[in-house]
Amino acid sequence: MSAPPDAASPDAVPSSATPPAATPLGGQVPPTSAERTSAPRTPESDTTGTSTAEHHTTATSTAGSRATEPGTAGPQAAEPGAAGPRAAAPRAAGTSTGAPRDAGRQSAAQGDPEQALASYRWRLDPATLREIVEEPDEFRTIRRRLTEKLGAAVDNKSRARLLSLRAVASRILGELDDALADGRLALTYAEATGELRRTAVAQARLAHVLRWRGEFVEADRLFAEANSTELPERLRAVLHEHAGRSCYDQGRLMEACHHFERALDLRGTQDPELQARIRLSLDAVAERVAETGFGPYPRSREEVLERDRPPAPARDGDLWGFSDPDGDMVIAAEYAEAQPFRDGLAWVRRPETERWSLVDRTGATVLEPSYPVVRSFSDGLAWVSDGGDAGWVAIDATGEVVVPHGFADVRPFQRGVAVVRRDGWGAVDRNGRIVVPTRHHGFATVLADGRYVDGFTEEGLAVVEVAGRRGVVNRAGKVLVAPTYPALVVHPVAFLVGDGTGRWGALDRRGEPLIEPVHRDRDEVVAEIERLLVDTSPVL
């Protein structure tokens, strides 16, 4: 038995139940430039919640055909501002009727712009791989309604969602300056929520605007940053699809194929509509390859993110120095030991001492020999120890001790928090404040895909253990799930829990029951969650 559809979505909580998040940018959200010249409007009484609506897309891959593009405010797995998992009524994939378009027009007219976007049947131009809209007035109505809803939005979540959707509408209308302004502001609000999925969707919507503007360097970087391995596979597949289209626009056709293939690897067997869109995209690639070739060799993720490769430890005889990516020695080999660069700094130990020094990427000494035991910098801080029973303290790049407690064991700082052990495991922030009490017997997180996270996930969640029972805390120290479950795994939109007898169920992200523990393995629970979610992708 499953919980009500809205159970898995934090946005489904009424605004009276939880105080709105602090708004980083005060005042009213501005209308678009086109709306500033329109007639005055009567404010609507819409709430700022998202309406989820089932929609279906079709695609063909024959020459001259057009494919439809997924477009929905989406389930929580795809758009964190949605109302949560709910069952979708079955309908044959690939069918095409006038109902979705009529539903979209009616929704826009009646003031539900998010549902109008959710039900819109997008079509792709087979040559440009861009969406085609035959009736732009519908999108002007949708955009106006989104502006009206923004007038009532007071929290970061709602503003991020509505602004980024308004950016989508402006992009489709070709008003790219307005789309860019909304996209950047939406990302600011999304980042203020600290929610991984919400930020990823805002990044992707902004990246799509930048792609249409021809600003590919930033677009590609945002698509890469958004595509975290902790996101649901359905969202990651769509992100790869859109990144592939950006590469297609640039003539990076081999790299585009890699993205399209990755999208299919993640979701292709479960999503015939995705398969059809990718077929159409690959047909477009094939035609262009015949004319121009495959283009530049594919870039690595690090190259797309514009991350410089620092010098790497390299041995010359009995001593260590550092070489550049071409293998040339750029920091002389004069150290008995050398650690890799992190945060632009590296620990090195000279032969005449047992204590480590700190050097920058030019080889200049930043900190004289100070500690016999050191760990690499992360998030601007490094754990060091005088050895023995002294314990670990954290220092900054100047050598100043900023976390002086002396812990028995530590993990690197990530996003301002580090996992530490004293009597038990807990967490400390950059100022030395204990944010998670050091009373837990274990602090290890397992993800639904089987990966292990040593500490907090990117979303700021960690599984803690007390006397063999597991729960969940966030990096602010809030207990989301009390440690009462024999087994607990972090899923992108839920928590999978085992009762110790081989039965599995699920909790939503508030720790409330979502699926009763009646399934024999985790895969069955994941499949049930998939059935509860509307099987669509977010509007990007």
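Residues numbered from 1 in each chain as written. Predicted model: local features only at pLDDT ≥ 70, side-chain atom pairs only at ≥ 80, totals over all residues. Heavy atoms only, no water.

Engineer: How should the overall build of the protein be read in this particular structure?
Structural biologist: Scanning the protein from N- to C-terminus turns up 13 helices and 27 strands. In the protein, 52% of the contacts between residues at least 6 apart in sequence involve partners at least 24 apart. Counting only carbon and sulfur atoms, one obtains 49% of the accessible surface of the protein, whose full area is about 23100 Å². (Helix = DSSP H or I, 4+ residues; strand = E, 2+ residues; numbered from the N terminus. Contact = heavy atoms within 4.5 Å. Areas by Shrake-Rupley, 256 points an atom, 1.4 Å probe, with all protein chains shown as cover.)

Engineer: What's the story with helix 11 (residues 272–292) in this structure? I'm lost.
Structural biologist: Since the α-helix packs 3.6 residues into each turn, any two residues three or four apart lie on the same face. Taking 1.5 Å of rise per residue, the 21 residues of helix 11 would be expected to cover 30 Å, and the 30 Å separating its terminal C-alpha atoms lies within 8% of that figure. E273, L274, A276, R277, I278, L280, S281, A284, V285 and V289 are the residues of helix 11 that are buried. Downstream of helix 11 by one or two residues, G293 has phi in the positive range, about 85°. (Expected span 1.5 Å × (residues − 1). Buried < 20%, exposed > 50% of the residue type's maximum accessible area, 1.4 Å probe, protein only.)

Engineer: Can you walk me through the pattern of salt bridges in this structure?
Structural biologist: For the coordinates displayed, the defined rule picks out 36 salt bridges. One salt bridge connects R221 with E225, and the closest N-O pair in it is separated by 3.0 Å. Of this pair, R221 and E225 both sit in helix 8 (residues 216–226), four residues apart, roughly one helical turn. In this structure E225 comes out as partly exposed when scored by relative accessible area, which is 33%. (Salt bridge = Lys/Arg side-chain N within 4 Å of Asp/Glu carboxyl O.)

Engineer: Is there a simple way to explain the nonpolar core in this structure?
Structural biologist: One recurring pattern in soluble globular proteins is that nonpolar side chains are buried together. In terms of nonpolar packing, the biggest core is built from 46 residues, with L117, W122, F139 and L239 touching the most fellow members. Here this core takes ten residues from helix 7 (residues 196–213), the largest share from any one element. What F139 contacts, discounting residues up to four positions off in sequence, is L117, Y120, W122, V133, A169, I172 and L173. In this structure, Y248, F260, A263 and V285 belong to the second largest nonpolar core, which totals 16 residues. (Core = buried A, V, L, I, M, F, W, Y, C linked by side-chain atoms within 4.5 Å.)

Engineer: Which parts of the structure should I look at to understand the pairing of strand 16 (residues 425–429)?
Structural biologist: Along a regular strand, successive side chains alternate from one face of the sheet to the other. Extensive coverage of strand 16 is indicated by the burial of five of its five residues. Neither face of strand 16 is exposed, since W425, A427 and D429 on one face and G426 and V428 on the opposite face are all buried. Counting the residues in the hairpin turn of strand 16 and strand 17 (residues 434–440) gives four residues, including G432, whose phi is positive at 85°. (Pairing = 2+ DSSP bridges.)

Engineer: How do you make sense of the sheet that holds strand 16 when you look at a structure like this?
Structural biologist: Strand pairing in a sheet relies on backbone hydrogen bonds. The paired strands run either parallel or antiparallel. Pairing in this open sheet of four strands is antiparallel, and the strands run 14-15-16-17 from one edge to the other. Each having just a single partner strand, strand 14 (409–410) and strand 17 make up the two edges of the open sheet. By the bridge criterion, two bridges tie strand 14 to strand 15 (residues 417–421) in an arrangement that is antiparallel. Bridge assignment links V410 to a residue of strand 15, and that residue is V420.

Engineer: Please clarify how the confidence of the model for the protein should be interpreted in this entry.
Structural biologist: The predicted coordinates of low-pLDDT regions are not to be read in fine detail. When pLDDT is averaged along the protein, the result is 81; 79% of the residues meet or exceed 70. Confidence drops under pLDDT 50 across residues 1–23; counting only partners more than four residues distant or on other chains, this segment forms 55 contacts. Across residues 39–101 the pLDDT falls below 50, and counting only partners more than four positions away or on other chains, this stretch makes 201 contacts in the model. (pLDDT = per-residue confidence, 0-100.)

Engineer: So what exactly am I meant to see when it comes to unusual backbone geometry here?
Structural biologist: Even without being glycine, E306 reaches a positive phi, approximately 60°. By the element assignment, E306 lies in the loop between helix 12 (301–304) and strand 3 (312–316). Residue classification places E306 among the exposed residues on the basis of a relative accessible area of 52%.

Engineer: What's the story with helix 13 (residues 522–532) in this structure? I'm lost.
Structural biologist: When helix 13 is considered as a whole, its buried residues turn out to be V525, E528, I529 and L532. Looking straight down helix 13, one finds that the buried residues subtend no more than 100° of arc, so they occupy a single side. Residues D523 and R531 are exposed on helix 13 and point more than 90 degrees away from its buried face. Taken together, the buried residues of helix 13 touch strand 25 (495–498), strand 26 (504–507) and strand 27 (513–519). Of the residues flanking the start of helix 13, the one acting as N-cap is D521, its side-chain oxygen 3.0 Å from the backbone nitrogen of D523. (Arc of directions from axis to C-beta. Polar contact = N/O pair within 3.5 Å; in protein donor to acceptor, adjacent residues only side chain to side chain.)

Engineer: Just checking my understanding: could you explain the sheet that holds strand 11 (residues 382–385) for this structure?
Structural biologist: Across the sheet, four strands lie side by side as 10-11-12-13; this open sheet has antiparallel pairing. Each end of this open sheet is capped by a strand with a single partner; those strands are strand 10 (373–374) and strand 13 (401–407). Inspection of the sheet shows strand 11 paired to strand 12 (residues 392–395) by three bridges, in the antiparallel sense. Pairing of W383 across the sheet is with A394, part of strand 12.

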